[in-house]
4 protein chains.
Amino acid sequence: MQLGLVGLGKMGGNMRERLRRAGHTVVGYDRNPDVADVHSLGELVDTLAEPRVVWVMVPAGAPTQATIDELGELLSPGDVVVDGGNSRWTDDIKHAEALAGKNIGFVDCGVSGGVWGRDNGYALMCGGDAADIAKVQPIFDALKPEGPAGFVHAGKVGAGHFAKMVHNGIEYALMQAYAEGWELLEAADVVTDVREVFRSWQEGTVIRSWLLDLAVRAMDDDEHLEGLRGYAEDSGEGRWTVEAAIDHAVPLPAITASLFARFASRQDDSPQMKMVAALRNQFGGHAVTA
Amino acid sequence: MQLGLVGLGKMGGNMRERLRRAGHTVVGYDRNPDVADVHSLGELVDTLAEPRVVWVMVPAGAPTQATIDELGELLSPGDVVVDGGNSRWTDDIKHAEALAGKNIGFVDCGVSGGVWGRDNGYALMCGGDAADIAKVQPIFDALKPEGPAGFVHAGKVGAGHFAKMVHNGIEYALMQAYAEGWELLEAADVVTDVREVFRSWQEGTVIRSWLLDLAVRAMDDDEHLEGLRGYAEDSGEGRWTVEAAIDHAVPLPAITASLFARFASRQDDSPQMKMVAALRNQFGGHAVTA
Amino acid sequence: MQLGLVGLGKMGGNMRERLRRAGHTVVGYDRNPDVADVHSLGELVDTLAEPRVVWVMVPAGAPTQATIDELGELLSPGDVVVDGGNSRWTDDIKHAEALAGKNIGFVDCGVSGGVWGRDNGYALMCGGDAADIAKVQPIFDALKPEGPAGFVHAGKVGAGHFAKMVHNGIEYALMQAYAEGWELLEAADVVTDVREVFRSWQEGTVIRSWLLDLAVRAMDDDEHLEGLRGYAEDSGEGRWTVEAAIDHAVPLPAITASLFARFASRQDDSPQMKMVAALRNQFGGHAVTA
Amino acid sequence: MQLGLVGLGKMGGNMRERLRRAGHTVVGYDRNPDVADVHSLGELVDTLAEPRVVWVMVPAGAPTQATIDELGELLSPGDVVVDGGNSRWTDDIKHAEALAGKNIGFVDCGVSGGVWGRDNGYALMCGGDAADIAKVQPIFDALKPEGPAGFVHAGKVGAGHFAKMVHNGIEYALMQAYAEGWELLEAADVVTDVREVFRSWQEGTVIRSWLLDLAVRAMDDDEHLEGLRGYAEDSGEGRWTVEAAIDHAVPLPAITASLFARFASRQDDSPQMKMVAALRNQFGGHAVTA
């Protein structure tokens, strides 16, 4: 089928490639003319036959908002917009309402898979009306990995990004779990080959996983990760997961600890530990480090 | 080859079965005569030809200590004792020293795999001298899963149980990560089919893993886990992991949070939250619940 | 001076009493006619001479919004509204803007002190323009405790409630700290008189505080707090503190742990620990509790 | 009364001074002859009349062990040894048993107060037999602050150091609580005078405490603590508190978070966050920082 695809960055570009391999016709638009198939959203919409499906794959927030606003002006009743970016699920509801006023459908789709998705497939978590999702299903089928898993219609509008958000919250804690274990193994003298311990865990253990495989790959590149700094960004979903948990009074100790570890990793010095140092000095005369 | 196997419970019994399928001769001893092949450790030792390998698979602590002490009296120089139980790694060093005085070798082996190990293989993490490990290698090869992973000689005596201990610490946090995400999904209204979200994650996502597969299995049995209580034991390795981290001044926020969640799960009421309730009442006149 | 006071519940009623003791004229309105001095906001406004100061002391959210909206209709340029409730600081900015359009001033004021405030004074944290605060200063001076501390002009509009919000976040973690220590002392056999240990800490220690004094009071009423359930509500500020920290990428491990402990205290059973139990059963055949 | 005092460092020296002000006769020994009253433990013992009380105030571990061993050789039946250092409570039991074999009494005494103790008094938490404690009571009375609080006989041998250990665990979390709140206030723009917010909290608030007073003092010296590094040592009691909690299956989320924050504060770079960065790079092609 035909698909309009807005945003041809690292993710969007690979998705176009995967869809074309599957025989779909993808018309891609990007602000960067070197990668775009058309020169404007208007041209993209004009190129597609009705009912159109336009997949938005641009940064969350203002860029997604602007794109969906403009598509709302350009598209026709019966068309469907898919937001495949990392939008906050609460934005989906606003987008769906705005488009519904024009009888344009809306589907939110959380996409996981990173740079591996092009060849292995992308895991897709969708929210929206069944009728809208049905219009996009051939695209979902081409993007997802082979086999029964990798796609879910999780619920109404917002459910896809909500599920992806929680996926990422879990991801934070899984990564933190392996990272903590790795640091402890490296710190102890008794285990002399930490990389081979991780490698051995890839079969037969309770903790085998794709992230574990990636940890082994990383150590094969740089056994003690000496070329890296202990610095980790966060892309929003982890924060939103904790905020959603607070809204529902759900305790998330491990996921939140993982988010906070990232925050701390980005501080050159810890303000709060300055205060702890100051207090120790005040009551105990403990030496402080300037 | 011949192996003496002490302890034929859930783990030991399955391991005997797997080893026999691989063509090894296993002489098993257990206090329960219904499952034992011989009636005493002495008979077990007499049955084996030198140099003997005796694998101890009994509960950690006093039972393992007693078994190794008795084997120290019965075995001959050049024999090897393997402790495949869940001993604390610091015990291994004591056991190895005691046996070394009699020229008996010692290998510690952390075993992962649970009830799935008999058919899929057990992941094995070993510590000890290369010469001792070489004497046991055919047994390790039969127990481990097929493929390159699943076995590691992690370092000197104690390294096997240390690696297994950290494996379990990681396992606690991985389980906690999925569990937290699951509770949040169940708490939110927007996602209407949590089980299918988990099922979809099994392919293409960053968080795919064997534990995720098991979570789906559990929900296939009981979609909302209504038949279970939120109660989880801990078997020692999680505690030891945190203690080892404290010894090395390694922060383990996610793993420790997971351990504490288990502690809390076993309390009918939380004493510390009684104190919080009492303080709120003292300063704010907040209602308390009796 | 004259003050209009809206909301005469546990806090507002005691504040009226303290202000009257200090010689101020307080005209109080409440929906409950048994405690009100006037029968409507209109009557309250009519009773006061210009420039008026009206202190709003009603629940945060819709009740505060409705009260401020109505006051905006009734008051005159040059009057000042004080929100002394537990509003979220972001609401203050909206309230101040709406009133500024009518040349009515706005001051947000976080109030701490609980049931002890009437006699000991209330700690006050204020945000707003200096000119507006000056109009209320005699009231602040009467409400605050004696001595130099107990009142701060913390910054622009919102600063008062932000400071009070962080105060409460800190309060959560302080309470949690004493509660954790208390539970550990009660759990250990070696200390046989936990209450007297707490009592002794009231002088000379690093951890002496008003909350510690309250803990001793609580144990004097009920030595082992057996009459209480380990159940603690949260009133919003703790949640907002964590959300503000997430906005600023500030790690708050102890405060967040304290918030999550309250969430968990209110669950009859822990959904996440059901999942942990289910996973343990799946991989290890561990017994589960139904 | 007469007291032998071993160890005249920052704590011991100040305690000698306070005791002498109270009219007691203190014979002090230290390895540093510049501060010592006598030149050996033997001379110290010979100087005192029976029944002797000797207070040991040297670093925990080997120095304390060596001192108590030597005193066991020198003292007579009916004498009492007080360990006022920061020993682990489990050591007390060994010390008491060793001395009991010679009919020498033993009292463990946790001491809080830091550099402020000389003038304000030291909080004392003691463990041991009532008869032994009675022999030391005049010394305790002189060391403790005025008023009813500041001294407790907490239970049998070990109870004093156990109580002091928990005191320090609580102290860690209290300091962390203020430090987290301070960092958040400093990070937000809305509050423009964080120091004055803290100062205002000293009266009327729920969170007023001695540590809060010290925080204000520290900010009076250096408003934004710019002269300090966010680096905090830990002296053992925090670690032991967490280990004791693990032994009793008591969850200590806030105290443990505070301990881990100190561990992290001492790392130039975080190994675990290197692994997180490596994993993010592996699956997402996220940029890493070298």
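Residues numbered from 1 in each chain as written. Chains lettered and ligands numbered in written order. Predicted model: local features only at pLDDT ≥ 70, side-chain atom pairs only at ≥ 80, totals over all residues. Heavy atoms only, no water.

### Let's talk about the relation of the copies chain B and chain A
Phase 1 of the analysis: For the match of chain B to chain A, the screw axis carries a shift of 0.0 Å, the RMSD comes to 0.0 Å, and the turn is 180°. In short, the pair behaves as if placed about a two-fold rotation axis.
Phase 2 of the analysis: The overlap is high: 100% of the interface residues of chain B also sit at the interface in chain A, so the same surface is used on both sides. (Least-squares fit on C-alpha atoms with pLDDT ≥ 70 in both. Contact = heavy atoms within 4.5 Å.)

### Some words on the interface of chain B and chain A
Phase 1 of the analysis: The interface is formed by 68 residues belonging to chain B together with 68 residues belonging to chain A.
Phase 2 of the analysis: A buried area of about 5,500 Å², summed over both sides, lies between chain B and chain A, and 75% of it is on carbon and sulfur atoms.
Phase 3 of the analysis: Here chain B and chain A share zero salt bridges between them.
Phase 4 of the analysis: The tally of links from chain B across to chain A stands at 16 residue pairs in polar contact (both at pLDDT 80 or more). (Buried area = accessible area lost by both parts, 1.4 Å probe. Salt bridge = Lys/Arg side-chain N within 4 Å of Asp/Glu carboxyl O. Polar contact = N/O pair within 3.5 Å; in protein donor to acceptor, adjacent residues only side chain to side chain.)

### What about the sheet that holds strand β2 (residues 25–29) of chain C?
Residue and element names in this part refer to chain C.
Phase 1 of the analysis: Strand order in this open sheet of seven strands is β2-β1-β3-β4-β5-β6-β7, and the pairing throughout is mixed. Each of the sheet's edge strands pairs with one partner strand only, and the pair in question is β2 and β7 (151–155). The average undirected angle you get between the axes of adjacent strands in this sheet is 25°. (Pairing = 2+ DSSP bridges. Helix = DSSP H or I, 4+ residues; strand = E, 2+ residues; numbered from the N terminus. Axes fitted to C-alpha atoms, helices over the stretch in contact; angles between N-to-C directions.)

### Details of the interface of chain A and chain C
Phase 1 of the analysis: Between chain A and chain C, the contact holds 21 residues from the first and 21 residues from the second.
Phase 2 of the analysis: Taken together, both faces of the contact between chain A and chain C bury some 1,800 Å²; the carbon and sulfur share is 69%.
Phase 3 of the analysis: Considering only the surface of chain A that becomes buried against chain C, I246, P251 and F260 of chain A emerge as the three largest contributors, covering 36% of it.
Phase 4 of the analysis: At the junction of chain A and chain C, the tally comes to zero salt bridges.
Phase 5 of the analysis: The interface formed by chain A and chain C includes four residue pairs in polar contact (both at pLDDT 80 or more).
Phase 6 of the analysis: For the side of chain A that touches chain C, the secondary-structure elements that each account for two or more residues are α10 (237–247), α11 (253–265) and α12 (271–284) of chain A.

### Digging into the relation of the copies chain A and chain C
Phase 1 of the analysis: For the pair chain A and chain C, the superposition axis carries a translation of 0.0 Å, the fit reaches an RMSD of 0.0 Å, and the rotation angle comes to 180°.
Phase 2 of the analysis: The fraction of interface residues of chain A whose copies in chain C are also interface residues reaches 100%, indicating that both copies meet through the same surface.

### Things to note about the environment of S87 of chain D
Residue and element names in this part refer to chain D.
Phase 1 of the analysis: Relative to the helices and strands, S87 resides in the loop between β4 (80–83) and α4 (89–100).
Phase 2 of the analysis: For S87, a relative accessible area of 3% corresponds to the buried category.
Phase 3 of the analysis: Sequence separation between S87 and D108 is 21 residues, and the spatial gap between their C-alpha atoms is 8.6 Å.
Phase 4 of the analysis: Excluding anything up to four places from it in sequence, S87 contacts A60, T64, D92, H161 and W240.
Phase 5 of the analysis: Among the polar contacts made by the side chain of S87, one reaches the side chain of D83 at a distance of 2.5 Å. (Buried < 20%, exposed > 50% of the residue type's maximum accessible area, 1.4 Å probe, protein only.)

### Side note on the packing of α12 of chain A against helix α11 (residues 253–265) of chain D
In helix packing, the relevant descriptors are the interaxial angle and the interaxial distance, both defined with respect to the helix axes.
Phase 1 of the analysis: Contact geometry for α12 of chain A and α11 of chain D: axes closest at 11 Å, N-to-C directions at 100°. With respect to α11 of chain D, the element α12 of chain A is oriented roughly perpendicular. Seen from α12 of chain A, the contacting residues are M273, V276 and R280 of chain A; seen from α11 of chain D, they are A261, R262 and S265 of chain D. (Parallel < 35°, antiparallel > 145°, perpendicular 65-115°, else oblique.)

### Quick notes on the packing of aromatic side chains
Phase 1 of the analysis: The full count for this structure, using the stated rule, is 24 aromatic pairs over all chains.
Phase 2 of the analysis: Judged by centre distance (6.0 Å) and plane angle (40°), the rings of F260 of chain A and F263 of chain A are tilted. Here the residue F260 of chain A and the residue F263 of chain A both occupy positions in helix α11, the gap between them amounting to three residues, near one helical turn. Like F260 of chain A, the residue F263 of chain A is buried in the burial classification.
Phase 3 of the analysis: Here the aromatic rings of W116 of chain B and W210 of chain B are separated by 5.6 Å at their centres, their planes lie at 85°, and the arrangement is edge-to-face. Residue W116 of chain B is found in the loop between β5 (105–112) and α5 (117–120), and its partner W210 of chain B is found in helix α9 (residues 210–221); the two are separated by 94 residues along the sequence.
Phase 4 of the analysis: Classification of W116 of chain B by relative accessible area gives partly exposed; the value is 23%.
Phase 5 of the analysis: Among the residues examined, W210 of chain B registers a relative accessible area of 9% and is labelled buried.
Phase 6 of the analysis: Aromatic rings pair up to connect W55, F140 and F151 of chain A into one cluster. (Phe/Tyr/Trp six-rings, centres within 6.5 Å; stacked < 30°, edge-to-face > 60°.)

### With respect to the sheet that holds strand β3 (residues 53–56) of chain A
All names here are of chain A.
Phase 1 of the analysis: An order of β2-β1-β3-β4-β5-β6-β7 is seen for the seven strands of this open sheet, with the pairing classed as mixed. At either margin of the open sheet sits one strand with a lone partner, and together these are β2 (25–29) and β7 (151–155). Within this sheet the neighbouring strands show an average axis-to-axis angle of 25°, counted without direction.
Phase 2 of the analysis: The pairing of β3 with strand β4 (residues 80–83) spans four bridges and is parallel.

### Let's talk about the pairing of strand β2 (residues 25–29) of chain D
Residue and element names in this part refer to chain D.
Phase 1 of the analysis: Burial analysis of β2 places four of its five residues in the buried class, the great majority of the element.
Phase 2 of the analysis: Note: strand β1 (residues 2–6) against β2, five bridges, orientation parallel. Bridged to L5 within β2 is G28.
Phase 3 of the analysis: For the crossover from β1 across helix α1 (residues 10–21) to β2, the handedness is right-handed. (Right-handed = clockwise from strand over helix to strand, strands pointing away.)

### With respect to the confidence of the model for chain A
Phase 1 of the analysis: Chain-level statistics for chain A give a pLDDT mean of 96 and a share of 99% at 70 or above.
Phase 2 of the analysis: Both confidence scores are given for the complex: pTM 0.96, ipTM 0.96. (pLDDT = per-residue confidence, 0-100.)

### Some points on the nonpolar core
Phase 1 of the analysis: By size, the foremost hydrophobic cluster in this structure holds 242 residues, and its most contacted members are F198 of chain A, F162 and F198 of chain B, F198 of chain C together with F162 and F198 of chain D.
Phase 2 of the analysis: For F198 of chain C, the contacting residues outside a window of four places in its chain are Y178, W182, L185, L212, A215, V216 and M219 of chain C. (Core = buried A, V, L, I, M, F, W, Y, C linked by side-chain atoms within 4.5 Å.)

### Some points on helix α12 (residues 271–284) of chain D
Phase 1 of the analysis: Between its first and last C-alpha, α12 of chain D extends 20 Å over 14 residues, near the 20 Å set by a 1.5 Å rise per residue.
Phase 2 of the analysis: Counted residue by residue, α12 of chain D has 12 buried out of 14 residues, so it is predominantly covered.
Phase 3 of the analysis: Among all positions of α12 of chain D, only Q272, M273, K274, M275, V276, A277, A278, L279, R280, Q282, F283 and G284 of chain D are buried.
Phase 4 of the analysis: Packing partners of the buried residues in α12 of chain D comprise α1 (10–21), α7 (159–187), α9 (210–221) and α11 of chain A together with α11 (253–265) of chain B.
Phase 5 of the analysis: Once α12 of chain D ends, the next one or two residues include G285 of chain D, with phi positive near 65°. (Expected span 1.5 Å × (residues − 1).)

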